[in-house]
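Close look at the chain arrangement
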Amino acid sequence: MPTPFTADSISRQRAPWWFHLAGHLLQPWVRIRRDPVEPAVLLQTGAPVCYVIERDGFSDALILDRACREAGLPSPMQALLGTRRRRSVIALARRDGWIFGRIRKRAPHQPLRQLVHSLEGLPERDIQIVPVSIYVGRAPSRDTGWFRVLFSENWVMVGRFRRMLALLLNGRDTVVHFSAPISLRSVLDEAGDKASERFTRKLARVLRTHFHRIRAVVIGPDLSHRRTVVDAVLNAEPVRHAINASAAKEKISRAKAWRKAQKLVLEIAADYSHPVVRSSSFLLRNFWNKLYDGIAMHHFDKARAAAPGYEVVYVPCHRSHADYLLMSYQLHVSGVVVPHIAAGVNLNLPGIGSILRRGGAFFLRRSFKGNALYSVVFNEYLAQLIDRGVPIEYFIEGGRSRTGRLLAPRAGMLVMTVRAFLRAPRRPVLFQPVYIGYEKLMEGASYAGELSGKPKEKESLLGLLRGLKVLRQHYGHVALNFGEPIELNPLLDAASSTWRDIDTQSEAKPEWLNGVTDRLAEQIQININRAADVNPINLLALALLATPKHAMAENDLLAQLALSKALLEELPYSDRITLTPMNPAGIIAYGEQMGWIQRVQHPLGDVLSVDSEQAVLLSYFRNNVLHLNATAAWVACCFLNNRRMPRASVVRLGRIIYPFIQGELFLPWDGRGFGAQVQATIDFFVRRGLLEATDDGHMLERGPGQDDGAFQLKVIARSLIQAFERYYITIAALARHGRHTLSAAELETTCTLIAQRLSLINELSAPEFFDKALFRGFIQKLRERRVVWTDDNGKLDYDRSLESMVHDARMILSREVRHSILKITGSDDSGDNKELAAGQGMADTDPVGDELHARHVDAEQHIHAHGTARPVDGSTEHETLPKPPASPPQPSP
């Protein structure tokens, strides 16, 4: 078998004629850029030079020889003076065999030993060791063909055939990096034991570490998990203990338990590949151009400026399966490292899973319960990512939102992230919220089906193929808005001043950890909402879905859209909100173009409408921005059934109901801040003529029902009225069944069934009206506020103040709505008298605190002094929701 053409083989003989011929043949295909441009200034004069390269390859020898010749450096092909070496180059790794030989890294003990021996007895002699890194196609530009990207430089030691293709495709982007020389004499003098085997191994290890560091700087960190992270996870102390525990529990050998752990980490771990990411970006570019009219990123420069020095965790909202790809694609084309994304194991489909894994996805099971080994392995894998500074992305909602609202966060990944940081707090963690806004969803129809009771279709290749038909449709624009980042350290400092001193080896969670992660999760959701993008479809949904038949005269719709835009412009929710620049006429035209609304021509003026099927889908986009309309909707709700109302009552009642709205919509203010927002919104309505302020601004009055201003207020109010109807359903159902009767889960189910029935009767187009999660959130908030509590048997208990809240609902809800709910719950629906009598009776005997009672009496006197708020249905106002007693009778946790 002929000898392979390698640097080592050449070093055993003179450079033959074919070496020079190969250099001339290679020259047109390779363009070398030296770093630094003049490496000769690094060398000392008089001392011989020995070059060290990473791999022993024929092409590397040719490139090194040419680079040295062009830079005026000593040739690596000449003999190394004073030694037995015929050539002045050493390689740290070589491939055994001729064509299909296996690469093996080896310490070049013999060449290094030869260098050491050449200095023995000659203290004045020295040898300069110059590490040289060679990169072929290290950083192809975004305009480079995707095929070339496959053969760009990475962390894998490729074979000869692949190296040849890399030279042909990317040879014109070759970088030769000369490092500062190492004085072998100085190193020997410091080591002392000059001839020891340990010294040569140490020197080789130092050289490898140097090449690793240079490669990380030039082409990025090594993200090949199969070769780096998997071993680190399996060798970690917690995983070793878990393996031993699993072996003892299951009565299997430790080797078998270790293989089980290895299988788990391979199931989890990403296999990031830069060529795959680059290739995918070319494919996705055409894909996005076909599906969308454009993808906009807002406030990204602020996010990029805040990231240096931090471990960045991207926490976007989750609306669609496209979220994963959109985020990664946009970050990549913007020059930012693609994060590792936590994906559900249901997406690890044959073929698809491998591509996602190489794009940075790592997979997790929906539940860790009953599998202690899996839990430890996953926690350790996440800790390894954070410890290595790898950017991460996950969705704290746990799944895609089917209603368009932000879901209640699940803090599991946050807890694991915080604990991983506490274990090794070397780099501070920064959470980057991202709002993703669509104008049409590929999964819209399936979401509506799931909310109506159809089972969720399991992800499969067949389902994916069936879903390809959605690619024929058009989906408008997409917006990625980067919210205010959240630093972890200040939250930890606020929770405990000694968090840096905790025992990192202990498995026990600090008492304050759950509180930190809960506050962090809530703040992430708040900051996502504060970065919302308001597109034309959001504004159309807010207006048209507030009418009984989802239709509106064109002039009325134009006025309503103008009012909504003015409200967002004059009272901005935050400085990161983005609003469509389209005028009202342009918004309507765009809605028609997208197929969301239809125009019905009429001699007295055109009407714009939404059919019933589209209305269900459109509710998703109304819910995306419902939080932006919450304050205005509350003020407008106060005048649905009342012509006149004191300003102070609107603010006071708003502050009482605010905690429940805040918990549902993740609003950013405290009670005082919400009161200020209400005041500013009232002033806006007065300026626009929707409300009239009398009695020096203390009394507010709207126009009659047929007035345009009253109509606009009604449209604004209806975006929030269903939330109050859900609250009323919950309280009425609990009051109907009585104390110590229902558990929280039973009440949740009962309320869901009532809402479903009410939706069927009233033909509501909002599937989230009977969303069990919203009822669950409201019941939880009642428990947090100590309005209700759990007794020793797990049943809900309350005092008479809850029954008074049923009566208080008449301020907002009409008699028709209240009676429909009471009839379905089984309460007496014979008229308002019994309800009113029950409510008044409860109020008379309710043991309310003196301060609250004084405020209530003062409010009543204020109303009588300045005019009574007159509900449309003739009932009287009862403006405050009594608080529960300060100490309820021994509630269970």
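Before reading further, recall that the structure is shown in the block above.
Residues numbered from 1 in each chain as written. Predicted model: local features only at pLDDT ≥ 70, side-chain atom pairs only at ≥ 80, totals over all residues. Heavy atoms only, no water.

1. A short note on the nonpolar core
Burial of nonpolar side chains together is a common tendency in soluble globular proteins. With 189 residues, the main nonpolar core has Tyr394, Phe431, Trp634, Val650 and Phe724 as its most contacted residues. At 15 residues, the largest contribution of residues to this core is made by helix α29 (residues 708-737). Residues in contact with tryptophan 634, not counting those within four places in the same chain, are Val650, Leu653, Gly654, Ile657, Phe674, Val678, Leu720, Phe724 and Ile812. One finds Ala61, Cys68, Ala166 and Leu167 within the second-largest nonpolar core, a separate group that totals 28 residues. (Core = buried A, V, L, I, M, F, W, Y, C linked by side-chain atoms within 4.5 Å. Buried < 20%, exposed > 50% of the residue type's maximum accessible area, 1.4 Å probe, protein only. Helix = DSSP H or I, 4+ residues; strand = E, 2+ residues; numbered from the N terminus. Contact = heavy atoms within 4.5 Å.)

2. Quick notes on the packing of helix α27 (residues 647-665) against helix α31 (residues 772-784)
In the contact formed by α27 and α31, the axes pass within 10 Å of each other and the chain directions differ by 140 degrees. Judged on the interaxial angle alone, α31 and α27 are oblique. For the pair α27 and α31, the crossing hand works out as right-handed. For the pair formed by α27 and α31, the contact residues are Pro659, Phe660, Gly663 and Glu664 on the first element and Leu774, Phe778, Lys781 and Leu782 on the second. (Axes fitted to C-alpha atoms, helices over the stretch in contact; angles between N-to-C directions. Parallel < 35°, antiparallel > 145°, perpendicular 65-115°, else oblique. Left-handed = near helix turned anticlockwise from the far one by under 90°.)

3. Some words on the pattern of salt bridges
Evaluation of the coordinates by the stated rule reveals 27 salt bridges. A salt bridge links glutamate 484 to arginine 576, with the nearest nitrogen and oxygen atoms 3.1 Å apart. Here glutamate 484, found in the loop between β14 (477-482) and β15 (486-487), pairs with arginine 576, found in the loop between α23 (554-570) and β18 (578-579); they are 92 residues apart in sequence, far enough to count as distant. Across the pair arginine 687 and glutamate 570 runs a salt bridge, and its minimum N-O distance is 3.1 Å. In this pair, arginine 687 is assigned in helix α28 (residues 671-687) and glutamate 570 in helix α23, connecting sequence segments 117 residues apart. Residue arginine 687 is classed as exposed on the basis of its relative accessible area, which comes to 52%. Linked by salt bridges that have partners in common, Glu554, Glu592, Arg599 and Asp606 make up one network. (Salt bridge = Lys/Arg side-chain N within 4 Å of Asp/Glu carboxyl O.)

4. Considerations on the packing of aromatic side chains
The description of two aromatic rings rests on the distance between their centres and on the angle between their planes. The final tally for this structure, using the stated rule, is 24 aromatic pairs. Every member of this aromatic cluster is reached through a ring pair, and the members are Phe287, Trp288, Tyr292, Tyr329 and Tyr475. Geometry around tyrosine 374 places arginine 365 over its ring, the cationic atom sitting 4.3 Å from the centre. Seen from the ring of tryptophan 596, lysine 440 lies directly overhead, with NZ or CZ sitting 5.6 Å from the centre. (Phe/Tyr/Trp six-rings, centres within 6.5 Å; stacked < 30°, edge-to-face > 60°. Lys NZ or Arg CZ within 6 Å of the ring centre and 35° of its normal.)

5. So, the environment of glycine 360
Position of glycine 360 among the secondary structure elements: in the loop between α15 (352-358) and β11 (361-364). Between the C-alpha atoms of glycine 360 and glutamate 393, which are 33 residues apart in sequence, the distance is 9.7 Å.

6. Quick look at unusual backbone geometry
The linkage connecting aspartate 35 with the following residue, proline 36, adopts the cis geometry, with an omega of 0 degrees. Inspection of the secondary structure puts proline 36 in the loop between β1 (32-35) and β2 (49-55). Located in the positive-phi region is histidine 550, a residue other than glycine, with phi close to 55 degrees. Here histidine 550 is to be found in the loop between α22 (536-544) and β17 (551-553). On the basis of relative accessible area, histidine 550 is assigned to the buried category, the value being 11%.

7. Focus on the sheet that holds strand β19 (residues 598-600)
Read across the sheet, three strands follow the order β17-β20-β19 without closing on themselves; strand pairing throughout is antiparallel. The outermost strands of the open sheet, each flanked by one partner alone, are β17 and β19. Averaged over all neighbouring strand pairs, the angle between strand axes comes to 25 degrees, with direction disregarded. Each of β17, β19 and β20 (607-609) is contacted by α23, which is oriented at about 95 degrees to β17, the strand it contacts most. (Pairing = 2+ DSSP bridges.)

8. Regarding the pairing of strand β9 (residues 311-316)
In terms of burial, β9 is largely enclosed, as six of its six residues are buried. By the alternation rule, side chains of β9 split into Glu311, Val313 and Val315 and Val312, Tyr314 and Pro316, which are all buried. With six bridges joining them, β9 and strand β13 (residues 429-438) adopt parallel strand pairing. Bridge pairing links valine 313 to phenylalanine 431 in β13. Where β9 meets strand β12 (residues 392-393), two bridges bridge the pair, whose relative direction is parallel.

9. Thoughts on the packing of α29 against helix α33 (residues 815-825)
Following both chains from N to C, one finds α29 and α33 inclined at 40 degrees, their axes separated by 10 Å at the closest point. Considering the angle they form, α29 stands oblique to α33. For the pair α29 and α33, the sense of crossing is right-handed. The residues of α33 that touch α29, namely those facing Glu725, Tyr728, Ile729, Ala732, Ala733 and Arg736, are Val817, Arg818, Ile821, Leu822 and Thr825. Per-class residue counts for the contact of α29 with α33 are seven nonpolar, one polar and three charged. (Nonpolar A, V, L, I, M, F, W, Y, C, P; charged D, E, K, R; others polar.)

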